Amino acid sequence: MGSCWSDERGGRAAVGEAARPSHPGTGGGGAEGATETSEAVEFFHKSRGLYSLSTQLEFSLSASKLRDMDVLSKSDPMAVVYSKKGDGTLEELGRTEVVLNQLDPVWVGKIPVIYHFEIVQPLVFRVYDVDTKFHNVPVKALKLGEQDFLGEATCVLSEIITKQNKSLTLKLEAAGGQRSMQNRGSLTIRAEETVASKRVIEMGLRASHLENKDVFSKSDPFLRISKTVESGGTIPVYKTEVAVNNLNPTWKPVRLTMQQFGSRETPLVLECFDFNSNGKHEIMGVLQKSVAELEMLQKGRTGASFQIPTSVRSNQMKTLKSQLFVDGFLETTQYTFLDYISSGFELNFMVAVDFTGSNGDPRSPLSLHYLDPSGHLNSYQKAILEVGEVIQFYDTDKHFPAWGFGGRLMNREVSHCFNLNGHPSDSEVEGVNGIMAAYSSALVNVALAGPTLFGQIIDRAAQIASQSVSHNQTKYFILLIITDGVITDLQETINAIVKASDLPLSILIIGVGNADFQQMEILDADNGKRLESSTGRVATRDIVQFVPMREVHSGRISVVQSLLEELPSQFLAYMRCRDIKPHFVN
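Keep in mind it's a predicted model, so treat the numbers as computed, not measured.

**Here's the deal with a negative patch on the surface**
Right, so step 1: A grouping of D397, D426, E428 and E430 is seen on the molecular surface, where their side chains present a negatively charged patch.
Right, so step 2: With respect to the element layout, E428 can be found in strand β22 (residues 428-430).

Written out as structure tokens, the structure reads:
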């Protein structure tokens, strides 16, 4: 059912703004419309399994061969987990219970942790021997300075979730990570997603003979699905796109997770509205059915009649001629991003740097390529470092292809795809530091030129991704393009992106400087409109995310967070389109 195209970020399409032209004389939605849109963004993500970046995890902890601090018995250990902030301070995330008289404890208490794909999350684990006189004190009330310190371990969260079974064993060290001759034992951390169920229902819904609510045209219907709760109210969980000018609409397939619909017997309220651009959508009909009843409609090939209140204040319902039909019903398992990553799937990082003349002479402090002797990073260095530091944990060999474009090489020829390290045939460098070193070296050996062309870079990245597909389905490629200018091969770039949309590839673009980046917004299909090549071919899915460095929310969110927000969704969209499953799921 359905196509591989998915509006990974398209909240507008969920309530129809992108799917429907404005009526003459209207100025778009007002405050109520804005509420509908933000509500739709949240539920649109979840309805398609495109969860936001934050994933709720639980840590299970165990240790072995801890130091024995007691004289007449063994230590009574407790573990404390911290998140390390950017300024080096520690924020406590939680504590385990105290396990009495045990040097190889397996703690029962779980530590809740929120995983964010888009940032590096350093963690600190400390183990204490709790003094006997405090055994009746709740663990949250214990003063850690009064307990015996047994050892600490550090890692970043990505290191745990990329391991098989999402489990990592670390050696305990002295305070501050200082190594000592004493063996302090080891700590094992296992992460689990707190997902109640990965079962997903996918349905094809259509309506017939809807009552027209418009005067000069037909209504523009969309469905809103809500779950009933014990208090008697309802919670919206899904909205379809708007079917423009259509009284017999067939909507795109609806995906509902068990977290959304509750159980197969939980009543769902399905409301059909006529879309209005001012946000005051008019009810066209309502009905109540559980998932089990919707499945019966599909099996019986029968429709359910919509109803409508006879008046605003009346509880009486009038049955309408309009009906809802379920044309397809499929129950599947929905795997998460972490299911893939922890079963050996990788994100392979590639980077391309703009060497066009509009960046300014690298010797000038005003240049975007200026290498400050004091060590202050320029915009290109910041982008490489921040994006690379996140993605490197998802790439086992950490060998990254690195290119430049728009530069004049030693042979006086301008190249729009050259190896940043200067090697004639091998573009790979080792680690993020290797990219930084190759970039600095290239600024000495390559003259800035132009114009700004993306086509060759994207084709080269697509070639690598295509070669991987034939023998390895566990690799997904991330191309980071850092640029300061307006591209002059827009149609060629669109053609390359459309062609690459079938491949395991995402393209991240950071715009530096003060150029007009309006063309980049065209490449980033966040308005729900798919890119179309010059031959009329439409992109299979959205694979581009663009962020101008100057417009990143006044420092409240980093460029990296803005840039990477769609990546897990794009990864999942590709894997689900190809029906590629994780190697093992716990």
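What follows picks up the thread again.
**Quick look at the packing of helix α9 (residues 455-469) against helix α10 (residues 490-500)**
Right, so step 1: Between α9 and α10, the shortest axis-to-axis distance is 8 Å and the interhelical angle comes to 15°. Considered as vectors, α9 and α10 are oriented roughly parallel to each other. Relative to α10, α9 is oriented so that their crossing is left-handed. Residues G455, I458, D459 and A462 of α9 lie in contact with α10, whose contacting residues are T493, A496, I497 and A500.

**Side note on the nonpolar core**
Right, so step 1: By size, the foremost hydrophobic cluster in this structure holds 77 residues, and its most contacted members are F59, F125, I160 and L347.
Right, so step 2: The element contributing the most residues to this core is helix α8 (residues 431-445), with 7 residues.
Right, so step 3: Setting aside chain neighbours within four positions, we find L347 in contact with F117, F337, I341, I391, Y394, D395, Y476, I478 and F571.
Right, so step 4: With 33 residues, the next largest nonpolar core counts I494, A500, F517 and M520 among its residues.

**A word on unusual backbone geometry**
Right, so step 1: Cis geometry marks the peptide bond from G450 to P451; its omega dihedral reads 0°.
Right, so step 2: A positive phi is found at R301, a non-glycine position, where the angle reads about 55°.
Right, so step 3: Relative to the helices and strands, R301 resides in the loop between α5 (291-300) and β15 (304-309).
Right, so step 4: Although it is not a glycine, D579 sits at a positive phi angle of roughly 55°.
Right, so step 5: With respect to the helices and strands, D579 occurs in the segment after α13 (567-577).

**Quick word on the pattern of salt bridges**
A pair can form between side chains of opposite charge whenever their charged atoms are brought close.
Right, so step 1: Within the structure shown, the criterion is met by 15 salt bridges.
Right, so step 2: Among the salt bridges present, the one from E295 reaches K299, with a minimum N-O distance of 3.7 Å. Of this pair, E295 and K299 are both found in helix α5, 4 residues apart, which corresponds to roughly one turn of the helix.
Right, so step 3: We classify K299 as exposed; its relative accessible area is 58%.
Right, so step 4: Linking D579 and K581 is a salt bridge whose minimum nitrogen-to-oxygen distance equals 2.8 Å.

**Observations concerning α5**
Since one α-helical turn is 3.6 residues long, residues separated by three or four positions face the same way.
Right, so step 1: Of the residues making up α5, those classed as buried are V291, A292, L294, E295 and L297.
Right, so step 2: Residues of α5 that are buried in the fold lie against β9 (199-208), α4 (258-261), β13 (267-274), β14 (282-290), β15 and β16 (317-333).
Right, so step 3: Once α5 ends, the next one or two residues include R301, with phi positive near 55°.

**A short note on the sheet that holds strand β20 (residues 414-415)**
Right, so step 1: The sheet built from 3 strands is open, its strands ordered β20-β19-β23 with antiparallel pairing. With partners counted over all chains shown, the strands left at the sheet margins are β20 and β23 (447-448), one partner each.
Right, so step 2: As defined by bridge partners, strand β19 (residues 407-408) adjoins β23 across 2 bridges and the pair is classed as antiparallel. Bridge pairing in β23 places R408 opposite A447.

**Some remarks on the packing of helix α7 (residues 379-391) against α8**
Right, so step 1: Where α7 meets α8, the axes come as close as 9 Å, and the angle between the chain directions of the two elements is 165°. With respect to their mutual orientation, α7 and α8 come out roughly antiparallel. You can see that α7 and α8 cross each other, and the crossing is right-handed. Where α7 approaches α8, its residues Y380, Q381, I384, L385, G388 and E389 are matched on the opposing element by V432, I435, M436, Y439 and S440.

Parameters and conventions
Residues numbered from 1 in each chain as written. Predicted model: local features only at pLDDT ≥ 70, side-chain atom pairs only at ≥ 80, totals over all residues. Heavy atoms only, no water. Patch = residues over 30% accessible without salt bridge, like charges linked within 9 Å, V, L, I, M, F, W, Y side chains within 5 Å. Areas by Shrake-Rupley, 256 points an atom, 1.4 Å probe, with all protein chains shown as cover. Salt bridge = Lys/Arg side-chain N within 4 Å of Asp/Glu carboxyl O. Lys, Arg positive; Asp, Glu negative; His and termini not counted. Charge placed at Lys NZ, Arg CZ, Asp CG, Glu CD. Helix = DSSP H or I, 4+ residues; strand = E, 2+ residues; numbered from the N terminus. Axes fitted to C-alpha atoms, helices over the stretch in contact; angles between N-to-C directions. Parallel < 35°, antiparallel > 145°, perpendicular 65-115°, else oblique. Left-handed = near helix turned anticlockwise from the far one by under 90°. Contact = heavy atoms within 4.5 Å. Core = buried A, V, L, I, M, F, W, Y, C linked by side-chain atoms within 4.5 Å. Buried < 20%, exposed > 50% of the residue type's maximum accessible area, 1.4 Å probe, protein only. Pairing = 2+ DSSP bridges.

Nothing here speaks to function; it is geometry throughout.
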